[in-house]
Amino acid sequence: QVQLVESGGGLVQAGGSLRLSCAASGSLFSINGIAWYRQAPGKPRELVVFITSGGRTNYVDSVKGRFTISRDNAKKTGYLQMNSLKPEDTAVYYCAAGRAYPFRDSWGQGTQVTVSS
C-alpha cells in the first residue's frame, strides 16, 4: 500500500505561482506513475498531468505551458509547479499514484488552491 501526503496549497493572486509537493511512502515498487488531479466545486475530478517512471509526461490542454510536473526519486516526492495561475485553476488538488494509467490506485488527502482575480 502507498501513502501520499500533499502540501503547498494556498491562496494566490492571478498570475502568481505555487508549488505543490506529494510525499510518498509504503510499497513504492508498485508505482509506475504519479498524477495530479483537481476538483473544482460542482465539477468532476479531472486529470491534470501525470509523469511515468520513464519520465513521460502528459498535460491537460488548459495547463500546458503553465504547469510542470517533476519527481525526485531519492526524496520519494513529486512536485507540481504552477505558474501564471488563473481563477479557473481554483480547486482541490490531489496527488495520486498507481501501476498504470490513469495512475490512481492511491490518493492523497488533497490540498486547496485558490486563485483570486
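Residues numbered from 1 in each chain as written. Predicted model: local features only at pLDDT ≥ 70, side-chain atom pairs only at ≥ 80, totals over all residues. Heavy atoms only, no water.

Turning our attention to unusual backbone geometry. For the peptide bond that leads from Y101 to P102, omega is 5 degrees, which places it in the cis range. The residue P102 is located in the loop between strand 9 (91–98) and strand 10 (106–107) in this model. Here the phi dihedral of K76 falls at roughly 55 degrees; this positive angle occurs in a residue that is not glycine. Inspection of the secondary structure assignment puts K76 in the loop between strand 7 (67–72) and strand 8 (77–82). Given the relative accessible area of 47%, K76 is considered partly exposed. One non-glycine residue, S84, lies in the positive phi region at around 50 degrees. (Helix = DSSP H or I, 4+ residues; strand = E, 2+ residues; numbered from the N terminus. Buried < 20%, exposed > 50% of the residue type's maximum accessible area, 1.4 Å probe, protein only.)

A few words on the sheet that holds strand 7. Ordered in space as 1-3-8-7, the four strands form an open sheet in which the pairing is antiparallel. At either margin of the open sheet sits one strand with a lone partner, and together these are strand 1 (2–7) and strand 7. Sheet twist, expressed as the average angle between the axes of neighbouring strands with direction ignored, equals 15 degrees. (Pairing = 2+ DSSP bridges. Axes fitted to C-alpha atoms, helices over the stretch in contact; angles between N-to-C directions.)

Within the largest apolar cluster, 27 residues are counted, with the highest numbers of intra-cluster contacts made by W36, F67, L80, M82 and Y93. Elements that contribute at least two residues to this core include exactly strand 1, strand 3 (18–26), strand 4 (33–39), strand 5 (46–52), strand 7, strand 8, strand 9 and strand 11 (111–116). Core analysis: the second largest hydrophobic core is formed by six residues, Y37, Y94, A96 and F103 among them. (Core = buried A, V, L, I, M, F, W, Y, C linked by side-chain atoms within 4.5 Å.)

Quick look at the pattern of salt bridges now. Enumeration according to the criterion identifies four salt bridges in this entry. Across the salt bridge formed by K64 and D61, the nearest N and O atoms sit 2.9 Å from each other. With a relative accessible area of 60%, D61 lands in the exposed category. R66 is the salt-bridge partner of D89, the closest N and O atoms lying 2.7 Å from each other. Of this pair, D89 sits in the loop between strand 8 and strand 9 while R66 sits in the loop between strand 6 (57–59) and strand 7, placing them 23 residues apart in sequence. No difference in accessibility class separates D89 from R66, as the two residues are buried. Each member of the salt-bridge network shares a partner with another, and the members are R38, E46, R66 and D89. (Salt bridge = Lys/Arg side-chain N within 4 Å of Asp/Glu carboxyl O.)

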